[in-house]
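Structural overview for review
Residues per chain are reported as follows:
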Amino acid sequence: MSATMTHAPSTVTRRPQSGSLAEVIDIILDKGLVIDAYVRVSLVGIELLTIDIRVVVASVDTYLHFAEATNRLDLRAQAEDYDADLQDLIGGMAGSKTEGAMDAAGDKASGALESGKDKIKAVFGQDDEESESEEQEAEA
Amino acid sequence: MNLMVHGVIEASSVEVLASMNVPGTTPPESVMHEDVAAVVTATPGAELFPTRANLLHHTRVLEALGARTTVVPMRFGVLVPDAEALVREYLAPAHHGLVGTLERLRDHVELRLRGRYHEPAVIEAVLAADPRAARLRGRDGFEAKMELGERIVAGIEHRRDQDIDRALRALAPHASEVAAPTAVTEPLDAFLISFLVSDGARAAFEHRLDRLGEELAPVVALELAGPVPPFSFAAEQAAAWA
């Protein structure tokens, strides 16, 4: 986040192409024409992959992130509060009645992470032999 | 050898394939049927793996085509056994629809607009509108933090609907078609909307976009990608936003 984003009169960034693969992956996998009888790729696996990863990012992590971000807006108190925040979080997770819920969420998250990791391997593991020409392409 | 199908162009445009140079890959070929042509790459193996290299290849071919002529993009992963099957089972039966789609897309580009919330600015905006959140700010304790974070996220969600509406009101009048806004998955994403814009309306669209950027700053930062392959408008009849 640069300062210009806050102060520049126009904030429109223009990019001539589709951008990174992360940006286009959803679109090229679920939009465009299909020949139903000839789809020869497991699209279902790909969709699950992105959903699993997003489960991890959701809920508890998101709320904590925004609470921290909000509190960090107050710059004066930032330094000393940071230590207190950490203590507080650790205390909160170990001692409060939310412990069970946090554990359950943690288990779910690490389960999703594991299966996500397996899928990433399954999907992108094929890439090794091609990565060299890929890099040349990027430089070209 | 199986054929990976990238998209469909007008048969009269197939000479553009000769000028296409997608680095590190074999040049795409065409399979013609009457006045349409499918653009394909010969591919070994009976299955197409969604590897980074394969996904990028499909995307780059479509971008290179789109820069030269009108193309109807295929979804990634369509692999046909041979040219005869492609004509018999797709180009011939779908011919009427393909011609119509090519006509709809001719002299148009897809522009994809992404809005992102600038975190400090959107948080300040939510705090200003939610006194309870403002009181929770800086409060110690896990539960206070959870409630604060939850209220901020809810405040951003509430704002998002209004921002999508503002973007559509500003830009839809300058677009031939608008794809339904994509569901947002990251909390700081404001919206992702694809517009089909004619060459003639492009300047007016861009001008209005600059003004929209000014109106939404500093809370929303806008990013316009494109022209991109018109994936969002490839279906025979894309839903128009009215």
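Residues and elements named next belong to chain B. Annotation of chain B at the domain level lists domain 1 (2–105) and domain 2 (108–233). If you average the C-alpha positions of domain 1 and of domain 2, the two centres end up 34 Å apart. Contacts between the two partners involve six residues from domain 1 and, on the opposite side, six residues from domain 2. Looking at the side of domain 1 that touches domain 2, the element that brings in the most residues is helix H1 (residues 52–66), giving three residues. Looking at the side of domain 1 that touches domain 2, its residues break down into four nonpolar, one polar and one charged.

For residues that are not glycine, phi is negative in most cases, and the peptide bond is trans in most cases. Residues and elements named next belong to chain B. The amide bond that connects Ala-217 to the next residue, Pro-218, takes the cis arrangement and shows omega of 0°. Relative to the helices and strands, Pro-218 is located in the loop between helix H7 (202–216) and strand S9 (220–228). A cis amide bond links Gly-226 with the next residue in sequence, Pro-227, at an omega value of 5°. Note on placement: Pro-227 falls in strand S9. Despite not being glycine, Glu-34 shows a phi value in the positive range, around 50°. Locating Glu-34 in the fold gives a position in the loop between strand S2 (29–33) and strand S3 (36–43). When the 12 C-beta atoms within 10 Å are taken as the criterion, Glu-34 is described as exposed.

Moving on: the nonpolar core. Residue and element names in this part refer to chain B. Core analysis: the largest hydrophobic core is formed by 73 residues, its most contacted members being Val-5, Ala-38, Leu-86, Ile-193 and Phe-195. At seven residues, the largest contribution of residues to this core is made by strand S8 (residues 189–198). A domain-level breakdown of this core finds at least three residues from each of domain 1 (2–105) and domain 2 (108–233).

Let us look at the confidence of the model for chain B. Averaged over all residues, the pLDDT of chain B equals 90, while 95% of them reach at least 70. Below a pLDDT of 50 lies the segment residues 238–242 of chain B, which in the model reaches nine contacts outside its immediate sequence neighbourhood of four places, other chains included.

Before going further, it helps to examine H1(B). Residues and elements named next belong to chain B. Compared with an ideal rise of 1.5 Å per residue, which puts 15 residues at 21 Å, H1 spans 21 Å between its outermost C-alpha atoms and is within 8% of the ideal. The element H1 is extensively covered by neighbouring structure, given that eleven of its 15 residues are classed as buried. Every buried residue belonging to H1 is among Asn-54, Leu-55, Leu-56, His-57, His-58, Thr-59, Val-61, Leu-62, Ala-64, Leu-65 and Gly-66, and all of these are buried.

We now examine the pairing of strand S1 (residues 2–10) of chain B. Residue and element names in this part refer to chain B. S1 sits mainly inside the fold: eight of its nine residues count as buried. Here S1 runs beside S3; their pairing, made up of eight bridges, is antiparallel. Its bridge partner lying in S3, Asn-2 is registered against Thr-43. As defined by bridge partners, S1 adjoins strand S5 (residues 79–80) across two bridges and the pair is classed as antiparallel. In the sheet register, Met-4 faces S5, and the bridge partner there is Leu-79. When S1 meets strand S4 (residues 72–73), the two strands line up antiparallel, connected through two bridges. Each bridged residue has a counterpart across the sheet, and for Val-8 the counterpart in S4 is Val-72.

This brings us to the packing of helix H4 (residues 119–129) of chain B against helix H6 (residues 142–171) of chain B. Residues and elements named next belong to chain B. The geometry of H4 relative to H6 is characterised by a closest axis approach of 9 Å and an angle of 95° between their N-to-C directions. Classified by the interaxial angle, the pair formed by H4 and H6 is roughly perpendicular. For the pair H4 and H6, contact is made by Val-122, Ile-123, Ala-125, Val-126 and Ala-129 and by Ile-152, Gly-155, Ile-156 and Arg-159, respectively. A class-by-class count of the residues in the contact of H4 with H6 yields seven nonpolar, one polar and one charged.

All names here are of chain B. Axis separation between H6 and H7 bottoms out at 9 Å; the angle between their running directions is 150°. When the axis of H6 is compared with that of H7, the two are roughly antiparallel. Where H6 crosses over H7, the handedness of that crossing is right-handed. Only Phe-205, Arg-208, Leu-209, Leu-212 and Leu-216 of H7 make contact with H6, whose side of the interface consists of Asp-163, Ala-167, Ala-170 and Leu-171. Residues belonging to the contact of H6 with H7 are distributed by class as follows: seven nonpolar, no polar and two charged.

Rules and cut-offs
- Residues numbered from 1 in each chain as written.
- Chains lettered and ligands numbered in written order.
- Predicted model: local features only at pLDDT ≥ 70, side-chain atom pairs only at ≥ 80, totals over all residues.
- Domains from an automatic or database assignment.
- Contact = placed C-beta atoms within 7 Å.
- Helix = DSSP H or I, 4+ residues; strand = E, 2+ residues; numbered from the N terminus.
- Nonpolar A, V, L, I, M, F, W, Y, C, P; charged D, E, K, R; others polar.
- Buried ≥ 20, exposed ≤ 12 C-beta atoms within 10 Å, placed from the backbone.
- Core = buried A, V, L, I, M, F, W, Y, C linked by C-beta atoms within 7 Å.
- pLDDT = per-residue confidence, 0-100.
- Expected span 1.5 Å × (residues − 1).
- Pairing = 2+ DSSP bridges.
- Axes fitted to C-alpha atoms, helices over the stretch in contact; angles between N-to-C directions.
- Parallel < 35°, antiparallel > 145°, perpendicular 65-115°, else oblique.
- Left-handed = near helix turned anticlockwise from the far one by under 90°.

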